[in-house]
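Structural overview
What follows is each chain in one-letter form.
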Amino acid sequence: MRWIFFILLYLFLGFYALQAIKTATKASWAYYLFIALSFLVLANFIYQFTTGDEQSRVLGRAKSYAFGFLLTVIAFNLVTILFLLSEDIFRLVEGAYRKFSGDQGTFTIPQRRRFLSLLATGVAAIPFGALLYGMYKGKYNYKVLTYEMDFDDLPEAFDGYRITQLSDIHSGSFDNRKAVEYAVDLVNKQGSDAILFTGDMVNNKASEMHPWKDLFATLTAKDGVFSVLGNHDYGDYVDWENAAAKKENLSELKCLQQDMGFDLLLNESRFLKRGDDRIALVGVENWGKGGFKKAGDLNRASANVSKDDFKILMSHDPSHWEEEVLPHPYHYHLTLSGHTHGMQFGIEIPGWFKWSPVKWRYKQWAGIYEQMGHYINVNRGFGFLGYPGRVGIWPEITVITLRKKSLT
């Protein structure tokens, strides 16, 4: 029944948009092409979500593209309808007024209708083109975002210490090796002292990382590459044959990270040292608000850390920051998170404005935030999931330089 309702709604939206195309242009090929593309996108979507592979509750590559193309067509239709519907409402109100007032003059103005149809299709082409671009180029439009952060109590020897943060690789979604090779090379070119990866290496299964293992093993930093787990790394979105298979998958992913040279922190800590000075690097397993896994144990992870140590916390989900990190008796100077992807859609004007619908779900969703002297950076993610693209919120490589705040 839900499929019938969905198909009828989709066809209705398409029929409405088709009227705008017919009014805007006399070229018959334009609306025949629109009809053909609309039915092709619908047929592929239905096939992928009924007959297609159902390995997990997370969209695989084929389903992601089926969803992406459907979203593109629906966005075009909805924007078109907003214009035409306003015109139809105006005509309805005007018609009712003329009928009750006795004015029998004509109220249909073809020129106005054609102008609105041209305007509607022109404006609708913007999200249509943006979503297509996001799938073709945007998802690999890597950006290096650099920050300098000052701290009063940063150990002297760590003044100028550089950290590169990566998050949300989602290797099961990749479909362009050259683009990913370029990004990995870009990470290494930053020449940071440490590389910190904050979770979600895969979508569902450890096997997704096999084709990329050798590439990500080339990531290098003076003090090493460190990582934590994200919610997708546990295999929670797959219907496993049994608990043993799920456990084996997680063990395989842990071994993969070790083979790649990643030092995986599972509710534990490491110390980065410069002479007699040190920084505590604390890594928790995933801790997410709501229905997300809460395997993170901040107290256990900090068991070997002193209250006076300068601390950097790696925690995949930014909701952990307000829920447990800020109220904790220890002061965690900088928390590094990911998870949100910035929803892979939004508007950003660097240094001035940023917006994404994900802000209604997460208070801290992209970039650096501060409360009571605690800082968090939410990385927008290296990969993509669900919609196979990015629009406005580009894949991110974060480079943070720590500075000792001058007392003068």
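As shown above, the structure is provided for reference.
Below is a short write-up of the structure. (Residues numbered from 1 in each chain as written. Predicted model: local features only at pLDDT ≥ 70, side-chain atom pairs only at ≥ 80, totals over all residues. Heavy atoms only, no water.)

1. Remarks on the overall build of the protein chain
For the record, the criterion: Only DSSP runs of H or I covering at least 4 residues are called helices, and only runs of E covering at least 2 are called strands; the numbering of each starts at the N terminus. Note on classification: 1.4 Å probe, protein chains only; a residue is buried when its accessible area is under 20% of the maximum for its type, exposed when over 50%, partly exposed between these limits. Note on contacts: a residue pair is in contact if any heavy atoms of the two residues lie within 4.5 Å. Each accessible area is a Shrake-Rupley estimate made with a 1.4 Å probe; only the visible protein chains count as cover when residues are assessed. All tallies of charge rest on Lys and Arg as positive and Asp and Glu as negative; His and the ends of each chain are not included. Charged groups are reduced to one reference atom each: NZ for lysine, CZ for arginine, CG for aspartic acid, CD for glutamic acid.
Across its full length, the protein chain holds nine helices and 14 strands. Here the C-alpha coordinates of the protein chain stretch approximately 90 × 55 × 35 Å along the principal axes. Counting every position in the protein chain, which comprises 408 residues, the buried fraction comes to 50%. Considering only residue pairs separated by 6 or more positions, the protein chain has 75% of its internal contacts joining residues 24 or more positions apart. Carbon and sulfur atoms make up 60% of the accessible area of the protein chain, which amounts to about 19700 Å² in all. Measuring between centres, the 44 positive side-chain charges of the protein chain sit 8 Å from its 43 negative side-chain charges.

2. Structural notes on the pattern of salt bridges
Keep this limit in mind: For salt bridges, the criterion is a side-chain nitrogen of Lys or Arg within 4 Å of an Asp or Glu carboxyl oxygen.
For the coordinates displayed, the defined rule picks out 19 salt bridges. The residue Asp175 makes a salt bridge to Lys139 at a minimum N-O spacing of 3.0 Å. Taken together, the positions of Asp175 in the loop between strand S2 (162-166) and helix H5 (177-189) and Lys139 in the loop between helix H4 (110-136) and strand S1 (143-151) put the pair 36 residues apart, joining distant regions of the chain. Note on Lys139: relative accessible area 2%, which makes it buried. Residues Glu322 and Lys363 are paired through a salt bridge, measuring 3.7 Å at the closest nitrogen-oxygen approach. In this pair, Glu322 sits in helix H9 (residues 319-325) while Lys363 sits in the loop between strand S11 (353-355) and strand S12 (367-371), placing the two residues 41 residues apart along the sequence. Overall, Glu322 belongs to the partly exposed group, its relative accessible area being 25%. Since its relative accessible area comes to 63%, Lys363 is described here as exposed.

3. Let's talk about the sheet that holds strand S9 (residues 334-337)
Our working definition: Strands qualify as paired when DSSP identifies two bridges or more between them. To obtain each axis, a line is fitted to C-alpha atoms, and for helices this fit is confined to the stretch in contact; angles are then taken between N-to-C directions over 0 to 180 degrees.
Spatially, S6-S7-S8-S9-S13-S12 is the arrangement adopted by the six strands of the open sheet, whose pairing is mixed. Sheet topology places strand S6 (268-274) and S12 at the edges, where each strand pairs with a single neighbour. Direction aside, the axes of adjacent strands within the sheet are offset by 20 degrees on average. Of the pairings in the sheet, the one linking S12 to strand S13 (residues 374-378) comprises five bridges and is antiparallel in character. By the bridge assignment for S13, Glu370 is matched with Tyr375.

4. Remarks on the pairing of S13
Counting buried positions along S13 gives four out of five residues, so the element sits mostly inside the fold. Bridging between S9 and S13 involves four bridges; their strand directions are parallel. What sits directly across from Leu334, in S13, is Tyr375. Where S12 hands over to S13, the hairpin turn is made up of two residues, of which Met372 adopts a positive phi near 50 degrees.

5. Digging into the packing of aromatic side chains
Rule in force here: Any two rings among Phe, Tyr and Trp, with Trp reduced to its six-membered ring, count as a pair given centres within 6.5 Å; such a pair is stacked if its planes are under 30 degrees apart, edge-to-face if over 60, and tilted if neither.
The final tally for this structure, using the stated rule, is 26 aromatic pairs. Geometrically, the ring pair formed by Phe76 and Phe128 is edge-to-face, given 5.8 Å between the ring centres and 70 degrees between the ring planes. Within this pair, whereas Phe76 is found in helix H3 (residues 61-101), its partner Phe128 is found in helix H4, the two being separated by 52 residues in sequence. Seen from their ring centres, Phe151 and Tyr375 are 5.6 Å apart, and the 85 degrees between their planes marks the pair as edge-to-face.

6. Considerations on H5
Put simply, the rule is: In a helix, the anticipated span is given by 1.5 Å times the number of residues less one. By construction, the arc corresponds to the directions joining the helix axis to the C-beta atoms.
Helix length check: H5 (13 residues) gives 18 Å between terminal C-alpha atoms against 18 Å at 1.5 Å per residue, within 8%. When H5 is considered as a whole, its buried residues turn out to be Ala179, Val180, Ala183, Val184, Leu186 and Val187. Angularly, the buried residues of H5 cover 155 degrees about the axis, an arc narrow enough to put them on a single face. Those residues of H5 that are exposed and aimed more than 90 degrees away from the buried face are Lys178 and Lys189. The elements touched by buried residues of H5 are S1, S2, strand S3 (194-197), helix H6 (213-216) and strand S14 (396-404).

7. Some words on the sheet that holds S2
Strand order in the open sheet formed by six strands is S1-S14-S2-S3-S4-S5, and the pairing between neighbours is mixed. In the strand order of this sheet, the two ends are held by S1 and strand S5 (262-264), each with one partner. Across the sheet, the axes of successive neighbouring strands diverge by a mean angle of 25 degrees, strand direction being ignored. In this sheet, S5 lies alongside strand S4 (residues 225-227) in parallel orientation, the contact comprising three bridges. Among the inter-strand pairings, Val225 is bridged to a residue of S5, identified as Phe262.

8. Section: a nonpolar patch on the surface
Selection rule: Exposure above 30% relative accessible area and the lack of any salt bridge qualify a residue for a patch; like charges then connect within 9 Å, and the nonpolar side chains Val, Leu, Ile, Met, Phe, Trp and Tyr within 5 Å.
Nonpolar side chains collect at one region of the surface, where Trp29, Leu33, Leu37 and Leu40 lie side by side and expose about 460 Å² of accessible area between them. Looking at the element boundaries, Leu40 is found in helix H2 (residues 28-50). The exposure class of Leu40 is exposed, given its relative accessible area of 57%.

9. Some words on the packing of helix H1 (residues 2-24) against H2
Two packed helices can be described by the angle between their axes and the distance between those axes. Applicable threshold: Orientation is classified from the angle alone, with under 35 degrees giving roughly parallel, over 145 giving roughly antiparallel, 65 to 115 giving roughly perpendicular, and any other angle giving oblique. In this scheme the handedness of a crossing depends on how the near helix is turned from the far one: anticlockwise by less than a right angle means left-handed, clockwise means right-handed. Ten residues, namely Ala, Val, Leu, Ile, Met, Phe, Trp, Tyr, Cys and Pro, are considered nonpolar, four, namely Asp, Glu, Lys and Arg, are considered charged, and the remaining ones, Gly among them, are considered polar.
Closest axis-to-axis distance for the H1/H2 pair is 10 Å, and the angle between their directions is 165 degrees. Comparing the axis directions of H1 and H2 gives the class roughly antiparallel. When the axes of H1 and H2 are compared, the crossing they make is right-handed. Every residue of H2 that contacts H1 at Trp3, Phe6, Ile7, Tyr10, Leu11, Gly14, Ala17, Leu18, Ile21 and Lys22 is listed here: Ala30, Tyr31, Phe34, Ile35, Ser38, Phe39, Val41, Leu42, Phe45, Ile46, Phe49 and Thr50. In terms of residue class, the contact of H1 with H2 is made up of 18 nonpolar, three polar and one charged.

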